[in-house]
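Here is what each chain is made of, one letter per residue.
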Amino acid sequence: MKNCISLGVCYYPEHWQESEWKSDLQRMLANGITTIRIAEFAWSLIEREEGVFDYSFFDHFLDVAEGCGMKVIFCTPTATPPAWLTKKYPEVLNATMEGVVYQHGFRRHYNYNSPKYQELTKRIVEKSAAHYASRPCIIGWQIDNEFNCEVAEFYSESDTNAFRSFLKNKYGTLDALNNAWGTVFWNQTYTAWDEVDVPRATPTNRVNPHRKLDFYRFISDSVCRYAKMQSDILRKYIKPGDFITTNGIFGNLDSHRMTEESLDFIMYDSYPNFPYCFALFCEEDNTKDRGWSKHLSEVRSISPIFGIMEQQSGANGSMEMMAPVPKPGQITLWTMQSIAHGADFVSYFRWRTATMGTEMYWHGILDYSGRDNRRLAEIRDISQKLEKMQPLAGCRYETRVAVLRDYDNIWNGQADVWQKTLDETSIWGLFEACQRSHTPYDYLYINNCSPADLDKYDVIFYPHAAILTEERAQILRAYVKQGGILVFGCRTAYKDIHGICVTDRLPGLVSDLTGTDIPEYTAISPDIGSVTAKWGDTSLTTTLFNDQLQPLGDAEILAVYEEGYYKGAGALTCHTYRKGKTYYWGSVFTSEIARVFLEKLGVADPYSDIIETPESIELAVRSGEDKKYLFVLNYSREPQEIKIKKNLRNVYTGREENGTLTLSAYETRVYMV
């Protein structure tokens, strides 16, 4: 995987006859697949009963893999503890908020904080690594599988005990905890540590929001500690050059911290077909599979160069989910989407479709019969394209625009509809505007940033940073001082790190940076729906919320509201701060409004001198020291025209192209610029 772009596939030798293994592996190699992932749900094949270890199954399979020349990513099998374990040690199981214990029979039914599960995890990881890590075919290890998938909240007794320890370490005293949680409200004050539990069922199941915020932080901390426990064991045994990773990005988890502490890089599981599932399809959703570019941008914020452990290759489905097979060209489109955003390894899920179990409708490359089909032919074609794209390996996604985020505000939004509604609107609005104006952008997580990390961007949006700290405000000031352009949205800096509202003039800690005062604010009444503001000759239709702005000092009002009882109040301010500027927008960033900002701030469509494309096409660029590659991705089921303004070399064909060209449905092209 180093210094190359390669293909892999998820394989389950335990699902197939031993006589099929060799031919399966040989067919993979013949079609350009050089790496397989195995064993993530196979605890019982190594430890069939407690303390009795048998390595023969995977010994034999790895012999076959080595004989074929197949590379292997081996997994720790902790995502699905075996039946003997959960029966004997029910304390390892997770529970609902109401205290109902989850039972054996699905997956991810364990909790991270059970001392017994940690003990048994250490043992299975140690035994597996000690036995298998020296195998020549193994090139890397995956920890567990999709942390916090299916369920991202934990209510077992083990979690309550661990939550108390987490809070003791964080606050030291009950007085400090009570102050941080505002427990004086509704007589929630704690007088002993054993009174403090994980959130439990209440009337309407609503709980103290500050307690819930710390609960999400605790869950993330639990996952990070559990991953590091496994990583530390693996580091003792893996060969030099082998990597450690895990897959997926799910809720209530600081994936940046986990990667920094435990992984060499993170991998993502990309299923762009989800919007086409029968139960999820929405005609009004104009992003559909293109929306996965947003998710891939999130991955890139963690690991600029990353891998895809599970890439869509067939119809996704289960006993409760029904979806179509990818149409001709879509597997290529989705693969190139992943590579465009930074993936140097793409592994398809899965080789053959399972004939049994919950995911027997979650199709892989091959159907039940295992015979050659259209999808395999398309992947063979992808592998041939990648042979010509090898110089692209290690190149970074190129952009001068960023959107700032942080886990405190994401987790706060889960318990606070005031923030969640605004944040989701703006995050998707900015994504759509950047996509349709062909403006690549990055996500940055401010808790993982230094001022130098921000300096490479011309414009940064920080849409609704309800929670803000002085340390983060200093990073923002440093960025603007050096000439950066920073754009805030409504509801900025009105909470402290505990989620308690501040009594400062808003926007609190950044009032000096924005040069703005917010004496009044309101959600837009449903009977009004929207309020117009005008920025120069451009009308902006605000929605959901309006901060009513007044300038402080030399800040300038650029737009005022044109209707409502606050007609004439400021809607947008601009403040020159040393070499840079700060804009404060008093509402959310719909796609229409976000696009206006991109255009007026001069960062929209940065490659317009090279190529002209319709909105249905995504542009992305990966660049290295002496090379630059332009990805052109057509998400439309209809042919689309593009206009190339300079001679560009088509990497697939090696030919120079320019002028007006037509891309067929779902077609992709990669050009060397």
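To keep things clear, this report deals only with the structure shown in the data block. Keep in mind the model is a prediction, meaning the values are calculated, not measured.

Once that is clear, we can look at the sheet that holds strand β10 (residues 343–349). Reading across from one edge, β7-β6-β5-β2-β1-β10-β9-β8 is the order of the eight strands in this open sheet, with parallel pairing throughout. The sheet is open, and its two borders are formed by β7 (243–245) and β8 (267–270), each paired with just one other strand. Each adjacent strand pair in this sheet contributes to an overall mean axis angle of 25 degrees, direction not counted. Where strand β1 (residues 6–10) meets β10, four bridges bridge the pair, whose relative direction is parallel. Pairing of leucine 7 across the sheet is with valine 346, part of β10. Where helix α12 (residues 374–387) meets the sheet, it contacts β1, β2 (33–38) and β10, and its direction lies at approximately 150 degrees from that of β1.

Along the chain, the position of aspartate 517 falls in strand β16 (residues 516–523). With a relative accessible area of 9%, aspartate 517 lands in the buried category. At a separation of 3.5 Å, a polar atom in the side chain of aspartate 517 contacts the side chain of arginine 505. Those residues in contact with aspartate 517 that sit more than four places away from it in its chain are Arg505, Leu506, Gln548, Leu549, Gln550 and Leu552.

So, on to the pattern of salt bridges. Evaluated as defined, the whole model comprises 48 salt bridges. Of the charged contacts, one joins aspartate 214 and lysine 170 as a salt bridge, the two residues approaching to 2.8 Å between their closest N and O atoms. Here the residue aspartate 214 occupies a position in helix α8 (residues 209–235), and lysine 170 occupies one in helix α6 (residues 157–171), the gap between them amounting to 44 residues. Aspartate 214 sits in the buried class, given a relative accessible area of 1%. Of the charged contacts, one joins aspartate 458 and arginine 400 as a salt bridge, the two residues approaching to 3.1 Å between their closest N and O atoms. On the criterion of sequence distance, the pair formed by aspartate 458 in the loop between α15 (451–455) and β14 (459–462) and arginine 400 in the loop between β11 (396–397) and β12 (401–405) is long-range, its members being 58 residues apart. Put simply, Lys170, Asp214, Arg217, Asp406, Asp408 and Arg472 are held in one network by salt bridges that share partners.

Attention now moves to the side chain of aspartate 406. Tracing the sequence through the fold places aspartate 406 in the loop between β12 and α13 (407–415). Side-chain polar atoms of aspartate 406 contact the side chain of tyrosine 462, separated by 2.6 Å. Beyond its immediate sequence surroundings of up to four residues, aspartate 406 is in contact with Tyr445, Ile446, Asn447, Tyr462 and Arg472.

Right, let's talk about the environment of glutamate 47 for a bit. Here glutamate 47 lies in strand β3 (residues 47–49). The buried category is assigned to glutamate 47, whose relative accessible area is 0%. Separated by 81 residues in sequence, glutamate 47 and serine 128 place their C-alpha atoms 9.7 Å apart. Beyond its immediate chain neighbours, meaning those up to four positions away, glutamate 47 contacts Val52, Phe53, Trp84, Arg123 and Ile124. Polar side-chain contacts of glutamate 47 include one of 2.8 Å to the side chain of arginine 123.

Looking at the element boundaries, lysine 127 is found in helix α5 (residues 115–132). Residues lysine 127 and glutamate 638, spaced 511 residues apart in sequence, show a C-alpha to C-alpha distance of 54 Å. Ignoring sequence-local partners within four residues, the contact set of lysine 127 consists of Phe53 and Tyr55.

Contact geometry for helix α11 (residues 330–340) and α12: axes closest at 9 Å, N-to-C directions at 35 degrees. Every pair of crossing elements has a handedness; the one defined by α11 and α12 is right-handed. Taken together, the residues of α12 that come into contact with α11 (itself represented by Gln330, Ile331, Thr332, Thr335, Met336 and Ile339) are Arg375, Glu378, Ile379, Ile382, Lys385 and Leu386.

What follows is about the nonpolar core. Counting residues in each nonpolar core, the largest one holds 120 residues, and the members touching the most others are Ile36, Phe147, Met389 and Phe631. Sort the elements by how many residues they give to this core and α8 lands first, with 12 residues. Beyond its immediate stretch of four places on either side in the chain, phenylalanine 631 contacts Met336, Ile339, Ala340, Met389, Leu392, Glu618, Leu619, Ala620, Arg622, Arg669 and Val670. Formed by 34 residues, the second largest nonpolar core is a distinct cluster that contains Phe431, Tyr443, Ala559 and Phe597.

Conventions and cut-offs
Residues numbered from 1 in each chain as written. Predicted model: local features only at pLDDT ≥ 70, side-chain atom pairs only at ≥ 80, totals over all residues. Heavy atoms only, no water. Pairing = 2+ DSSP bridges. Helix = DSSP H or I, 4+ residues; strand = E, 2+ residues; numbered from the N terminus. Axes fitted to C-alpha atoms, helices over the stretch in contact; angles between N-to-C directions. Contact = heavy atoms within 4.5 Å. Buried < 20%, exposed > 50% of the residue type's maximum accessible area, 1.4 Å probe, protein only. Polar contact = N/O pair within 3.5 Å; in protein donor to acceptor, adjacent residues only side chain to side chain. Salt bridge = Lys/Arg side-chain N within 4 Å of Asp/Glu carboxyl O. Left-handed = near helix turned anticlockwise from the far one by under 90°. Core = buried A, V, L, I, M, F, W, Y, C linked by side-chain atoms within 4.5 Å.

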